[in-house]
Amino acid sequence: MKPEETEVWEPEPRVVTTYPDRAPSDAIVLFDGTSLDQWVSKKDGSSPAEWEVSDGAFTVVRGKGDIQTKQEFSDYQLHVEWRSPTEIVGESQGRGNSGIFMQGLYEVQVLDSYNNRTYSNGQAASLYKQRIPLVNATKPPGEWQTYDIIWTAPRFNADGILISKARVTVIHNGVLVQNNVELDGPTEYIGIPKYKAHGPGPIVLQDHGNPVSFRNIWIRPL
């Protein structure tokens, strides 16, 4: 056999331009530092998101409720930067708590887990109440942190029967903390997760009553 016989030339991968401090050229920018026009209130799915935008970031406003993207997604690469409050208030789940929900159903926990013990499947970068992160890579309060999330949606057949479970990889501040783990179903605060057939869904950010901030959010559908 000649070397040329195992060379594959087509298709040729498309070119994507990358940058050190902003989204890749093929990404959908969900927050550009100025406006929440890509987001709405989860309460009715249409009202404007009422969180505070300032200095290139936006912050949870207690009592205004969760917000979600206008667009819905299935499989994707998601980049989110977040910051817990500098002023330390509360402990365990009461400190710097928010969450990022894939397809509106599956939560990657946001929490100030710097010198703040809580249940392991509820700390920062956990798949809430399901999967414990491999390590705790949390920075001190007030410092910006990054999540890079690779999400593979669950699959269902025409009869609504589960074919394959959701899978997720999470890199927290450059450290792999969830390695292509499988989920047992949507996030439940009480009870056992159980799948129910669904399609694409929005990215949801949680109002847990703490002034957690976010910036530089982008997504690449896969």
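Residues numbered from 1 in each chain as written. Predicted model: local features only at pLDDT ≥ 70, side-chain atom pairs only at ≥ 80, totals over all residues. Heavy atoms only, no water.

### Some points on the overall build of the protein
Alright, step 1. Each helix and strand in the protein was counted, giving zero helices and 15 strands.
Alright, step 2. Counting only C-alpha atoms and orienting by the principal axes, one finds that the protein spans roughly 70 × 40 × 40 Å.
Alright, step 3. Counting over 222 residues, the protein shows a buried share of 46%.
Alright, step 4. Surface accessibility of the protein: about 11,700 Å² in total, with carbon and sulfur atoms responsible for 50%.
Alright, step 5. Separation between the mean location of the 21 positive side-chain charges and that of the 28 negative ones in the protein comes to 6 Å. (Helix = DSSP H or I, 4+ residues; strand = E, 2+ residues; numbered from the N terminus. Buried < 20%, exposed > 50% of the residue type's maximum accessible area, 1.4 Å probe, protein only. Areas by Shrake-Rupley, 256 points an atom, 1.4 Å probe, with all protein chains shown as cover. Lys, Arg positive; Asp, Glu negative; His and termini not counted. Charge placed at Lys NZ, Arg CZ, Asp CG, Glu CD.)

### Overview of the pattern of salt bridges
Alright, step 1. In the structure shown here, the tally under the stated rule is nine salt bridges.
Alright, step 2. Residue Arg 14 is joined to Asp 26 by a salt bridge in which the shortest nitrogen-to-oxygen separation is 3.1 Å. Placement of the pair is Arg 14 in the segment before β1 (28-31) and Asp 26 in the segment before β1, with a sequence separation of twelve residues.
Alright, step 3. Salt bridges linked by common partners bring Arg 14, Asp 26 and Arg 220 together as one network. (Salt bridge = Lys/Arg side-chain N within 4 Å of Asp/Glu carboxyl O.)

### Let's talk about the side chain of Asp 66
Alright, step 1. Its place among the elements puts Asp 66 in the loop between β4 (57-59) and β5 (67-69).
Alright, step 2. No salt bridge is formed by the buried Asp 66, whose closest oppositely charged neighbour, Lys 42, lies at an N-O distance of 4.1 Å.
Alright, step 3. From its side chain, Asp 66 meets the backbone nitrogen of Asp 207 in a polar contact 2.8 Å long.
Alright, step 4. Leaving out residues up to four positions away in the same chain, Asp 66 has contacts with Val 40, Ser 41, Lys 42, Trp 51, Val 204, Leu 205, Gln 206 and Asp 207. (Polar contact = N/O pair within 3.5 Å; in protein donor to acceptor, adjacent residues only side chain to side chain. Contact = heavy atoms within 4.5 Å.)

### Notes on the packing of aromatic side chains
Alright, step 1. Summed over all chains, the structure comprises eleven aromatic pairs.
Alright, step 2. Here Trp 39 and Phe 58 contribute two aromatic rings whose centre-to-centre distance is 6.2 Å and whose plane-to-plane angle is 50°, an arrangement assigned as tilted. Taken as a pair, Trp 39 in strand β2 (residues 39-41) and Phe 58 in strand β4 lie far apart in primary sequence, 19 residues in all.
Alright, step 3. Taking the relative accessible area as the measure of exposure, Phe 58 reaches 0% and is therefore buried.
Alright, step 4. In this structure, Arg 22 packs its charged tip against the face of Tyr 19, placed 3.6 Å from the ring centre. (Phe/Tyr/Trp six-rings, centres within 6.5 Å; stacked < 30°, edge-to-face > 60°. Lys NZ or Arg CZ within 6 Å of the ring centre and 35° of its normal.)

### Some points on unusual backbone geometry
Alright, step 1. The step from Glu 10 to Pro 11 runs through a cis peptide bond, and the omega angle for that step is 0°.
Alright, step 2. Mapping Pro 11 onto the fold places it in the segment before β1.
Alright, step 3. Even without being a glycine, Asn 173 presents a positive backbone phi close to 55°.
Alright, step 4. Among the secondary structure elements, Asn 173 is positioned in the loop between β12 (167-172) and β13 (175-182).

### Brief notes about the nonpolar core
Side chains of nonpolar character tend, in soluble globular proteins, to be buried together.
Alright, step 1. Membership of the largest hydrophobic core comes to 41 residues, with the highest contact counts inside it found for Trp 39, Leu 78, Tyr 147, Phe 214 and Ile 217.
Alright, step 2. Elements that contribute at least two residues to this core include exactly β1, β6 (76-83), β7 (98-102), β8 (106-110), β9 (145-152), β12, β13 and β15 (213-221).
Alright, step 3. Top contributing element to this core by residue count: β6, with four residues.
Alright, step 4. In contact with Phe 214, not counting residues within four places along its chain, are Phe 31, Trp 51, Ala 57, Phe 58, Val 60, Val 80, Glu 81, Trp 82, Ser 98, Trp 144 and Leu 205. (Core = buried A, V, L, I, M, F, W, Y, C linked by side-chain atoms within 4.5 Å.)

### What about the pairing of β7?
Alright, step 1. β7 sits mainly inside the fold: five of its five residues count as buried.
Alright, step 2. Side-chain alternation along β7 places Ser 98, Ile 100 and Met 102 on one buried face and Gly 99 and Phe 101 on a second face that is also buried.
Alright, step 3. Relative to β8, β7 is paired through five bridges, and the arrangement is antiparallel. Looking at the pairing, Met 102 lines up with Tyr 106 of β8.
Alright, step 4. Where β7 folds back onto β8 in an antiparallel hairpin, the turn is made up of three residues, including Gln 103, whose phi is positive at roughly 55°. (Pairing = 2+ DSSP bridges.)

### With respect to the environment of Ser 47
Alright, step 1. Tracing the backbone through its elements, the reader meets Ser 47 in the loop between β2 and β3 (52-54).
Alright, step 2. Remark: the alpha-carbon pair of Ser 47 and Ile 132, spanning 85 residues in sequence, is separated by 35 Å.
Alright, step 3. Sequence-distant contacts of Ser 47, that is, excluding residues within four places in its chain, are made with Val 40 and Ser 41.
Alright, step 4. Among the polar contacts listed, one links the side chain of Ser 47 to the side chain of Asp 44, at a separation of 2.4 Å.

### A closer look at the environment of Met 102
Alright, step 1. Within the element layout of this structure, Met 102 appears in strand β7.
Alright, step 2. Not counting residues up to four positions away in its chain, the partners in contact with Met 102 are Tyr 76, Leu 78, Val 108, Ile 149, Trp 151 and Pro 202.

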